[in-house]
Amino acid sequence: MSLDRKYDAVVVGGGHNGLVAATYLARAGKSVILLEAEGELGGATTSVRSFPDFDARLSRYSYLVSLLPDKIVSDLGINFKTLERSIASYTPYRTADLHQGLLISQNWDERTAQGFRDLTGTETEAINWQNFYSEIAQLAQRIAPTLLQPLKSVDTLRDEIGLPQTWKFLIERPIGESIRERFSNDIVRGIILTDALIGTYTSADDLQANRCFLYHLIGNGTGQWRVPLGGMGALVAELKRVALNSGVEIKLNSRISGIDSDKSGVVVTGVNGVKYVGRDLLFAAAPQTLAKIRGSVAPNSLDGSQLKINMLVSRLPRLKSGIDPRLAFAGTLHINESYKQLERAYQVAGSGSMPDDLPLEIYCHTLSDSSILSPELAAQGYQTLTLFGLHTPASLFDSSSGSSSGSSSDSSRDTARAAASQAALASLNQYLLDPIESVLAICTDGSLAMEVKSPLDLESDIGLPRGNIFHRDLDFPFIDGSANANLNWGAETDDPHIFLAGAGARRGGGVSGIAGHNAAMAVLASD
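An account of the accompanying structure is given in this report. Keep in mind that this is a model prediction, so the values were computed, not measured.

Assigned secondary structure in the protein chain consists of 17 helices and 18 strands. Here the protein chain has a C-alpha radius of gyration of 23 Å; the compact-globule value for 527 residues is 24 Å, and the two agree. Projected onto its principal axes, the C-alpha positions of the protein chain cover 75 × 60 × 50 Å. Counting the 527 residues in the protein chain, one finds 58% classified as buried.

So, in structure tokens, the structure goes:
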């Protein structure tokens, strides 16, 4: 191997995981270079001015934080804060011609209890809800610290957790069965099920839904989804600062085209022909991309399944239920997400059609943190909205030939994106007194301040395979009988000098930095 540009570690990918991995290694005394293909760091954790006419920096892709461990923040000295939302969620619904809604506070209160009574007519569902989430909270507190430790076997972890009944309904039985057994109201069932489906195209009765559900509810031992102060870009800025201060060398516009390895280490070749030699490679991008570069077999995974719409509105729209919009949009606004609606949408999408009454989740960052707006926009009452459509798999955006290979012409992709956007807005407007179009900010060219991203856009923009926000199918955070015997930190590959440091690593999903931490620990353990 050439001795030019030699490092202890080469990190490929400048998203949050790559920056975390690089910083841990640099602080351990390693010489580290980080290569980022694009002209800026961040990957999916960027804040951008999506609408140039307006001084508002939106979190274009990822937008809330739950899984980022306090330990990583403390270890690296990141000056990054997240804000608690006082409202967990609001779900509007109709009974005959009457519009009502279920408002759930972050911390249980009488207003929440009354909402359950109004919806169900009894106390039973509210009691079941509190018991259910109390059990999950116990498990979350016990399992969260293990995410930053070497992987344990399923038997060892189950015994350490010591909650056999909770383990059974979260890990061993389809989450759909547990929800149906413990809850009777279709809307309540659906609110619970949404955490098992975000970004995951699956049925409630598939264990893949359990894996998604688990990761959505164990972050930092609380599972609470918090607002990043200053937007996701604030996290990237801090990670860049600590990386540079730790001695990490960062090169932008450094897309790679080749990876070669032998017993002494790796050689990473850029598209410009520059070679970087290192003892170890930490790959903080999708494992499918790594496989393509190495000429190996890529892992199979489900399609990404989310429609993301970023919006800037001149004011929050009023709802038909009459609730104060500042309450309705303060947490997660659930639209057409009853259990039956979610399962029906899954089946309709599976048949190749865009679901009617598209299930949606909507979030308003600026009600919690107006710092992403200019003072002028904030004073005028502008707000940002993020809409997340469920059960919109990448296959619905493929070309009309029905190919699942990922090919899609620009025109067919535009048509599919427009149809999905129309379905999403129509679904939302069922519950709004002010149609969402009537409050969208208007750009100087007359267009509405609305940016739509399909799964295929996520693939082309930031390299998410088929738009899968987890890179590949999630795994449970333990070793089972099918796991590779060499898997220790969840970052190891078939090459002793190549490690997965992105969301596709075991325990890597979400904006957590866990994959970056664990890849760095795996490298240090291999010394």
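With eight of eight residues buried, strand S16 (residues 383-390) lies mostly within the body of the structure. By the alternation rule, side chains of S16 split into Gln383, Leu385, Leu387 and Gly389 and Thr384, Thr386, Phe388 and Leu390, which are all buried. Of the strand pairs in this sheet, strand S15 (residues 360-363) and S16 are connected by four bridges, and their pairing is antiparallel. Residue pairing across strands places leucine 360 opposite glycine 389, the latter belonging to S16.

In this structure, Leu170, Ile175, Leu193, Phe213 and Leu282 are the most contacted members of the largest nonpolar core, which totals 91 residues. The residues touching isoleucine 175, leaving out its near neighbours within four places in the chain, are Phe169, Leu170, Leu193, Ala196, Ala204, Ala209, Asn210 and Phe213.

To continue, consider the environment of phenylalanine 116. Along the polypeptide, phenylalanine 116 turns up in helix H3 (residues 110-120). Sequence separation between phenylalanine 116 and valine 188 is 72 residues, and the spatial gap between their C-alpha atoms is 8.8 Å. What phenylalanine 116 contacts, discounting residues up to four positions off in sequence, is Leu102, Ile104, Trp108, Gly121, Thr122, Glu125, Ala126, Trp129 and Val188.

Here the focus is the side chain of threonine 392. Within the secondary structure, threonine 392 is located in the loop between S16 and helix H15 (410-429). Under the relative-accessibility criterion, threonine 392 is labelled buried at 0%. From its side chain, threonine 392 meets the backbone nitrogen of leucine 307 in a polar contact 3.1 Å long. Residue contacts for threonine 392: discarding those within four places in its chain leaves Gly304, Ser305, Gln306, Leu307, Met354, Leu358, Phe397 and Pro455.

Attention now moves to the sheet that holds S15. The seven strands lie next to each other as S7-S6-S14-S15-S16-S13-S17, forming an open sheet whose pairing is mixed. The sheet is open, and its two borders are formed by strand S7 (98-105) and strand S17 (450-453), each paired with just one other strand. Across this sheet, the average inter-strand angle for adjacent strands is 20 degrees, counted without regard to direction. Relative to S16, strand S13 (residues 306-313) runs antiparallel, the two sharing eight bridges. Along S16, the bridge assignment pairs isoleucine 309 with leucine 387.

A few words now on helix H6 (residues 164-172). Those residues of H6 not exposed but buried are Thr166, Trp167, Phe169, Leu170 and Ile171. For H6, the secondary structure elements touched by its buried residues are helix H4 (124-143), helix H5 (154-161), helix H7 (175-182) and helix H9 (207-217).

Looking now at the pairing of strand S2 (residues 32-35). Covered by surrounding structure in S2 are Val32 and Leu34 together with Ile33 and Leu35, the residues of both alternating faces. Bridge count between strand S1 (residues 6-12) and S2: four bridges; the pairing is parallel. Residue pairing for S2: valine 12 is matched across the bridge by leucine 35. Handedness of the crossover is the feature at issue here: the chain leaves S1, passes through helix H1 (residues 16-27), returns alongside S2, and the resulting connection is right-handed. Judged from the three bridges that link them, S2 and strand S9 (residues 249-251) form a sheet pairing that is parallel. What sits directly across from leucine 34, in S9, is isoleucine 250.

Procedures and definitions
- Residues numbered from 1 in each chain as written.
- Predicted model: local features only at pLDDT ≥ 70, side-chain atom pairs only at ≥ 80, totals over all residues.
- Heavy atoms only, no water.
- Helix = DSSP H or I, 4+ residues; strand = E, 2+ residues; numbered from the N terminus.
- Rg over C-alpha atoms; globule rule 2.2 N^0.38 Å.
- Buried < 20%, exposed > 50% of the residue type's maximum accessible area, 1.4 Å probe, protein only.
- Pairing = 2+ DSSP bridges.
- Core = buried A, V, L, I, M, F, W, Y, C linked by side-chain atoms within 4.5 Å.
- Contact = heavy atoms within 4.5 Å.
- Polar contact = N/O pair within 3.5 Å; in protein donor to acceptor, adjacent residues only side chain to side chain.
- Axes fitted to C-alpha atoms, helices over the stretch in contact; angles between N-to-C directions.
- Right-handed = clockwise from strand over helix to strand, strands pointing away.

So far we have only geometry, and geometry alone does not tell us how the molecule works.
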